[in-house]
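A look at the structure
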Amino acid sequence: MTDVTILDGTKTAKAIRLEVASRVAALKERTGVTTGLAAVLAGDNPASVTYVAMKRKACAAAGIHSEVHIFDSAAKTDDILACVTDLNENPNIHGILVQHPLPKGIDEHAILAAVSPDKDADGIGRASLGELVKGDAPFVACTPQGMITLLDRYNIDIRGKHAVVIGRSVILGKPMALLLLNRDATVTICHSKTQNLADFTRQADILVAAVGKPEMITGDMLKPGCVVLDAGYNRVEGRSSDVGDCHYESCAAVASAITPVPGGVGPMTIATLLENTVKAAERLNPAE
Ligand code: NAP
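Examining the sheet that holds strand β1 (residues 5-6)
Overall, parallel pairing links the 6 strands, which are arranged β1-β9-β8-β7-β5-β6 in an open sheet. Looking along the sheet, the strands with just one partner apiece sit at the ends: β1 and β6 (186-190). Examined bridge by bridge, strand β5 (residues 162-166) and β6 share 5 bridges and lie parallel to one another. Across the sheet, the residue bridging to A163 is V187, located in β6. In this fold helix α7 (residues 173-182) packs onto β5, β6, β7 (206-209) and β8 (227-230), with an angle of close to 170 degrees to the strand it touches most, β5.

Examining the sheet that holds strand β4 (residues 95-98)
Taken in spatial order, the 3 strands of this open sheet run β3-β2-β4, and their pairing is parallel. Strand pairing shows two members of the sheet lacking a second neighbour, β3 (65-71) and β4, which therefore form its edges. Neighbour-to-neighbour, the strand axes of this sheet turn through a mean angle of 15 degrees, independent of strand direction. Both strand β2 (residues 36-42) and β4 contribute to a ladder of 4 bridges, which runs parallel. The partner of A39 across the bridge, within β4, is L97. Contacting β2, β3 and β4, helix α3 (residues 77-89) crosses the sheet at an angle of about 160 degrees to β3.

Structural notes on unusual backbone geometry
Of the consecutive residues H100 and P101, the connecting peptide bond is found in the cis state with omega at 0 degrees. Of note, P101 is situated in the loop between β4 and α4 (108-114). The peptide bond linking V261 to P262 adopts the cis configuration, its omega dihedral lying at -5 degrees. A positive phi angle, near 55 degrees, is found at N155, a position not held by glycine. The exposure class of N155 is exposed, given its relative accessible area of 68%. A positive phi angle, near 70 degrees, is found at D184, a position not held by glycine. Within the secondary structure, D184 is located in the loop between α7 and β6. Looking at D184, the relative accessible area reads 42%, which means it is partly exposed.

Comments concerning the domain arrangement of the protein chain
Along its sequence, the protein chain is organised into domain 1 (32-117) and domain 2 (142-266). Taken over C-alpha atoms, the centre of domain 1 sits 28 Å from the centre of domain 2.

Let's talk about empty space enclosed by the protein
What the rule picks out here adds up to 1 cavity of 30 Å³ or more. For the largest cavity, the full set of lining residues is L37, A39, V52, K55, R56, C59, S66, E67 and L97. At 4 residues, helix α2 (residues 46-62) tops the list of elements feeding residues into the lining of the largest cavity. Counted by class, the lining of the largest cavity contains 5 nonpolar, 1 polar and 3 charged residues.

Thresholds applied
Residues numbered from 1 in each chain as written. Predicted model: local features only at pLDDT ≥ 70, side-chain atom pairs only at ≥ 80, totals over all residues. Heavy atoms only, no water. Pairing = 2+ DSSP bridges. Helix = DSSP H or I, 4+ residues; strand = E, 2+ residues; numbered from the N terminus. Contact = heavy atoms within 4.5 Å. Axes fitted to C-alpha atoms, helices over the stretch in contact; angles between N-to-C directions. Buried < 20%, exposed > 50% of the residue type's maximum accessible area, 1.4 Å probe, protein only. Domains from an automatic or database assignment. 1 Å grid on protein atoms, 1.4 Å probe; cavity = no way out; pocket = protein on both sides within 12 Å on 5 of 7 lines; lining within 4 Å. Points joined across faces, edges and corners; volume = space filled by probe spheres on them. Nonpolar A, V, L, I, M, F, W, Y, C, P; charged D, E, K, R; others polar.

Now the structure itself:
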């Protein structure tokens with residue numbers, strides 16, 4: 001068994017949240033502006049309700065004003081678009097978060113495209129994704145950016161490494177692959193149609209699991225000494241806590257570093273949202 005480093009997202013996120021709190025206070029001191037985040041929540045997805053509540057709590061602790069704009073499942077795309085347009089104009093709001101997923105029938109693409117690029121704290125608007133492709137986005141999707149920050153805080157090199165990302169969603173897998181590429185990794189993206197997945201995972205120096213299938217990656221699928229970033233968050237009946245996409249014990253026995261679930265990638269997502277929000281407020285209120 002190798003000596004594995006646990007990439008502690010809870011501890012790292014706490015440090016980032018303190019840094020955000022001091023930036024929020026400094027901005028207030030300099031300009032009188034209170035940093036503000038607005039969440040748009042539509043439908044009754046219980047996980048979304050919980051995530052928004054967690055984000056609001058984290059905002060309060062960092063001195064960020066937060067508000068939630070709630071729509072029921074019968075809401076129309078135009079209702080939500082009108083709300084986003086108002087928030088774009090609202091000088092007290094610097095970051096806008098449209099909680100994913102939106103109910104069926106809502107044009108999520110149109111709503112995300114309507115968020116002002118200057119307030120895209122969630123980093124998944126059209127302009128932000130385009131900037132990421134170019135290589136230098138002001139706001140990057142929170143979960144992938146949180147994973148990169150975690151690697152950086154643990155001084156784990158990315159350049160020249162072979163990174164294998166499993167999953168290609170717009171909020172997670174694709175931006176993660178681009179971030180790694182922008183940091184000079186050699187990147188392979190796997191997805192549900194990939195054949196012989198283990199042939200790819202066994203080549204990974206850095207493995208990112210962003211699938212949503214409990215414990216599908218096992219230690220025998222890893223290269224010894226690899227770094228494992230597990231973004232998966234899966235509820236399994238009969239288990240007392242959520243589990244990742246990686247089977248923790250077998251993967252930790254082979255990896256050199258690994259994120260636990262919970263306490264790995266999840267806390268970094270919220271910390272990154274706060275970082276993006278204060279960054280947006282600073283950009284909208286530049287020093288003279
Ligand atoms: P998603 O939109 O459902 O995407 C899942 C991806 O996994 C898809 O690209 C899919 O491929 C791929 N996939 C499915 N089965 C596969 C298989 N057998 N082999 C290889 N690839 C497979 O999910 P998501 O929103 O990206 O979320 C992924 C996971 O991250 C979930 O567990 C979610 O709860 C978690 N998550 C965590 C955080 C956090 O803060 N920690 C934030 C967001 C999401 P296709 O494209 O071919 O369908």
